[in-house]
Protein chains: 2
Amino acid sequence: MTPVIRRTGRRPGNPDTREAILTAARSAFAERGFDAASIRQIATAAGVDPALVHHYFGSKEELFRATIDIPIDPAVLLPAVLAGDPDQIGERLVRTFLGVWDSPAGSAAVALLRSATNNEWTARLLREFLVTQVLRRVLDQLDLDPAELPLRGALVATQMIGLAMMRYVIRLEPVASATPDTLATTLGPTIHRYLTAPLP
Amino acid sequence: MTPVIRRTGRRPGNPDTREAILTAARSAFAERGFDAASIRQIATAAGVDPALVHHYFGSKEELFRATIDIPIDPAVLLPAVLAGDPDQIGERLVRTFLGVWDSPAGSAAVALLRSATNNEWTARLLREFLVTQVLRRVLDQLDLDPAELPLRGALVATQMIGLAMMRYVIRLEPVASATPDTLATTLGPTIHRYLTAPLP
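Within every chain, residues take consecutive numbers counted from 1 along the sequence as written. All chains are assigned letters beginning with A, and all ligands numbers beginning with 1, in the order in which they are written. With the structure being a predicted model, the display of local features is reserved for residues of pLDDT at least 70 and the display and counting of side-chain atom pairs for 80 or more, all residues being used for whole-chain, interface and lining totals. Note that the side-chain values use all heavy atoms of the structure and ignore hydrogens as well as water.

- The name given to chain A in an unreviewed UniProt entry is Transcriptional regulator, TetR family, with Micromonospora matsumotoense as the source organism.

Rendered as structure tokens:
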């Protein structure tokens, strides 16, 4: 029997049912994307009632995070990034990002990055997570040309995922053991430029 | 019998001997680092004469590239990055980098990145490759404070490896299909800043 770890206050439920829902959800989110996937379709594919999906996993966002095993809710973390001096948003994003990866939740993030590197389906889920759960939440709050948002978001992702790779996976010094202050000061202006500077 | 692909004009040699040398070289480069590892030690560990290592693989640099299966010689590519307007060095580095990864050799680079993500020994070899074969060759040509070179190099690595991850592994759009021009124009100034801007 698969051990079920309770990450939230919700009932873990029957492990087989839970796993069937997760498998159906992974397929739906990877194939159709987060926006187009629906709890109803996922429930049908898993052979359960939609109410049971909500009962086990909560919202569509929570179900999505469960499919990639990430116990981090960007909706909780990002308001602090967006509040305050707009010129410091890059530094705040780097600090918040490091706060997550340096915490116990960081090992789940490293595992996701490793898995996405070697598995096309996990790569799709990571892409969906970055775009719909992280980047969109940041970009939608800034006064930017909507047509430019995808490139700005993807540029930010190159720098943030590269930071995660070098600090936590490849562990290249001195980035691997640099203080959050050093990294926020050096990388923050890059994020700020990708968010706000004129694009070609 | 292991198929031997001839990558250079050198004789492929006996596959078992060749593999024994590569195994010894991987250990030496990963454990001691590129600088401290010696052809003599590697030959002894493989039970062959040092002359045979040179005969099969050429220089220590060529042997190192063979251990990570990268048919790319940074010493050949980097002079073009360093020549020309110093203010454009970031853009030229991005263009040269994309030229390699977009070429047939790119699949070897993607394989190395995937392997380094999941294997600590390959991660060590990738670190050594980045530092001793790529970053040092660039940084040593610039008029910079030697004490700052490791951080500058590692910051450059976060952006370049993040670009590789997003364009070739995770394939996040629009970075995955952006033109080299777009990426050189947007990411080039970041590289330039990491190389030259004051550090905290």
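## Quick word on the nonpolar core
Taken as a class, soluble globular proteins show a tendency for nonpolar side chains to be buried jointly.
Next, step 1: With 145 residues, the main nonpolar core has L63(A) and L63(B) as its most contacted residues.
Next, step 2: We call two residues in contact whenever any of their non-hydrogen atoms come within 4.5 Å of each other. Aside from chain neighbours lying at most four places away, what touches L63(A) is I21(A), L22(A), A25(A), F29(A), I39(A), I42(A), V53(A) and F57(A). Definition of nonpolar core: a set of buried residues of the types Ala, Val, Leu, Ile, Met, Phe, Trp, Tyr and Cys, connected through side-chain atoms within 4.5 Å. Only protein chains enter the accessibility calculation, which uses a 1.4 Å probe; a residue is then buried when its area is under 20% of its type maximum, exposed when over 50%, and partly exposed in between.

## Considering the pattern of salt bridges
Next, step 1: Salt bridges are defined by distance alone: a side-chain nitrogen of Lys or Arg within 4 Å of a carboxyl oxygen of Asp or Glu. Enumeration over the complete set of coordinates arrives at 18 salt bridges over all chains.
Next, step 2: For R171(B), the salt bridge identified is with E120(A), shortest N-O distance 3.2 Å. Highlighted residues: R171(B) in the loop between helix 9 (149-169) and helix 10 (180-196) and E120(A) in helix 8 (residues 120-139), drawn from two different chains.
Next, step 3: With its nearest N and O atoms 2.7 Å apart, the salt bridge here joins R136(B) to D35(B). With R136(B) in helix 8 (residues 120-139) and D35(B) in the loop between helix 1 (15-32) and helix 2 (39-46), the pair connects residues that are 101 residues apart, well separated along the chain. The helix and strand labels rest on DSSP assignments: H or I over at least four residues marks a helix, E over at least two residues marks a strand, and numbering proceeds from the N terminus.

## Remarks on the relation of the copies chain B and chain A
Next, step 1: Its rotation angle being 180 degrees, the transformation that places chain B on chain A also includes 0.0 Å of axial translation and leaves an RMSD of 0.0 Å. Expressed as a symmetry operation, the mapping of one chain copy onto the other fits a two-fold axis. Considering only C-alpha atoms, the residue of chain B closest to the rotation axis is G162(B), which sits at 1.7 Å.
Next, step 2: Comparing contact sets, 100% of the residues at the interface of chain B also lie at the interface in chain A, consistent with an isologous, same-surface contact. Alignment of the copies relies on least squares applied to C-alpha atoms, considering only residues that score at least 70 for pLDDT in both.

## Notes on the packing of helix 9 of chain B against helix 10 of chain B
All names here are of chain B.
Next, step 1: Interaxial angles span 0 to 180 degrees and are taken between N-to-C directions of axes, which are lines fitted to C-alpha atoms, for helices over the stretch in contact. At their nearest, the axes of helix 9 and helix 10 sit 7 Å apart, and the two run at 160 degrees to each other. Overall, the two elements helix 9 and helix 10 adopt an arrangement that is roughly antiparallel. Both helix 9 and helix 10 take part in a crossing whose hand is right-handed. Counting all contacts with helix 9, which are made through R152, L155, V156, Q159, M160, L163 and R167, the residues of helix 10 involved are L183, L187, T190, I191, R193, Y194, L195 and T196.
Next, step 2: Residues are sorted three ways: Asp, Glu, Lys and Arg are charged, Ala, Val, Leu, Ile, Met, Phe, Trp, Tyr, Cys and Pro are nonpolar, and all the rest, Gly among them, are polar. The class makeup of the residues in the contact of helix 9 with helix 10 is nine nonpolar, three polar and three charged. Angle categories are assigned with fixed cut-offs, so that under 35 degrees is roughly parallel, over 145 is roughly antiparallel, 65 to 115 is roughly perpendicular, and the rest are oblique. By convention the crossing between two helices is left-handed if the near helix lies anticlockwise of the far one by an angle smaller than a right angle, and right-handed if it lies clockwise.

## Describing the interface of chain B and chain A
Next, step 1: In this assembly, 41 residues from chain B lie in contact with 41 residues from chain A.
Next, step 2: The junction of chain B with chain A conceals about 3,400 Å² of combined surface from both sides, 72% of it contributed by carbon and sulfur atoms.
Next, step 3: Of all residues in chain B, T117(B), I170(B) and L172(B) bury the most surface against chain A, accounting for 17% of the area lost on that side.
Next, step 4: At the boundary of chain B and chain A, one finds two salt bridges.
Next, step 5: For the purposes of these results, a polar contact is taken to be a pair of N or O atoms within 3.5 Å, where, inside protein, one atom must be able to donate a hydrogen and its partner to accept one; residues adjacent in sequence count only when each atom of the pair is a side-chain atom. On the surface where chain B and chain A come into contact, there are 16 residue pairs in polar contact (both at pLDDT 80 or more).
Next, step 6: Those elements that provide at least two residues to the side of chain B that touches chain A are helix 7 (106-118), helix 8, helix 9 and helix 10 of chain B.
Next, step 7: Broken down by element, the side of chain B that touches chain A gets its largest block of residues, 13 residues, from helix 9 of chain B.
Next, step 8: Residues belonging to the side of chain B that touches chain A are distributed by class as follows: 26 nonpolar, nine polar and six charged. Put simply, buried area is the surface a 1.4 Å probe can reach on two separate parts but cannot reach once they are joined, added for both.

## Quick notes on the UniProt feature "domain: HTH tetR-type" (unreviewed entry) in chain A
Next, step 1: Mapped onto the present numbering, the UniProt feature "domain: HTH tetR-type" (unreviewed entry) falls at residues 15-75 of chain A.
Next, step 2: Annotated as residues 15-75 of chain A, this span is 72% helix and 0% strand, and its ends, taken at the C-alpha atoms, are 27 Å apart. UniProt positions are given in the numbering used here, feature names are shortened, and annotations may be inferred rather than shown by experiment.

## Regarding the side chain of T190(B)
Next, step 1: Here T190(B) is to be found in helix 10.
Next, step 2: T190(B) gets classed as buried once you look at its relative accessible area, which sits at 1%.
Next, step 3: Within the structure, T190(B) has its side chain in polar contact with the side chain of R193(A) (distance 2.7 Å).
Next, step 4: Those residues within four positions of T190(B) in sequence are excluded, and the remaining contacts are Q159(A), T190(A), R193(A), Y194(A) and Q159(B).

## A few points about the domain arrangement of chain A
Residues and elements named next belong to chain A.
Next, step 1: Residue ranges for the domains trace back to a domain assignment, done automatically or taken from a database. When the domains of chain A are assigned, the result is domain 1 (15-67) and domain 2 (74-196).
Next, step 2: Just the C-alpha atoms count here: the centres of domain 1 and domain 2 sit 26 Å apart.
Next, step 3: The largest per-residue losses of area from domain 1 upon contact with domain 2 belong to A30, F64 and R65, which jointly make up 47% of the total buried on that side.
Next, step 4: Joining domain 1 to domain 2, the criterion identifies one salt bridge.
Next, step 5: The tally of links from domain 1 across to domain 2 stands at two residue pairs in polar contact (both at pLDDT 80 or more).
Next, step 6: Elements with a minimum of two residues in the side of domain 1 that touches domain 2: helix 1 (15-32) and helix 4 (60-67).
Next, step 7: The element that contributes the greatest number of residues to the side of domain 1 that touches domain 2 is helix 1, accounting for five residues.

## Digging into helix 7 of chain B
Next, step 1: Working rule for helices: expected span equals 1.5 Å times residues minus one. Look at helix 7 of chain B: 19 Å from first C-alpha to last across 13 residues, which is about the 18 Å you get at 1.5 Å a residue.
Next, step 2: For helix 7 of chain B, the full list of buried residues reads G106(B), A108(B), A109(B), V110(B), L112(B), L113(B), A116(B) and T117(B).
Next, step 3: Taken together, the buried residues of helix 7 of chain B touch helix 7 (106-118) and helix 9 (149-169) of chain A together with helix 6 (89-101), helix 8 and helix 9 of chain B.

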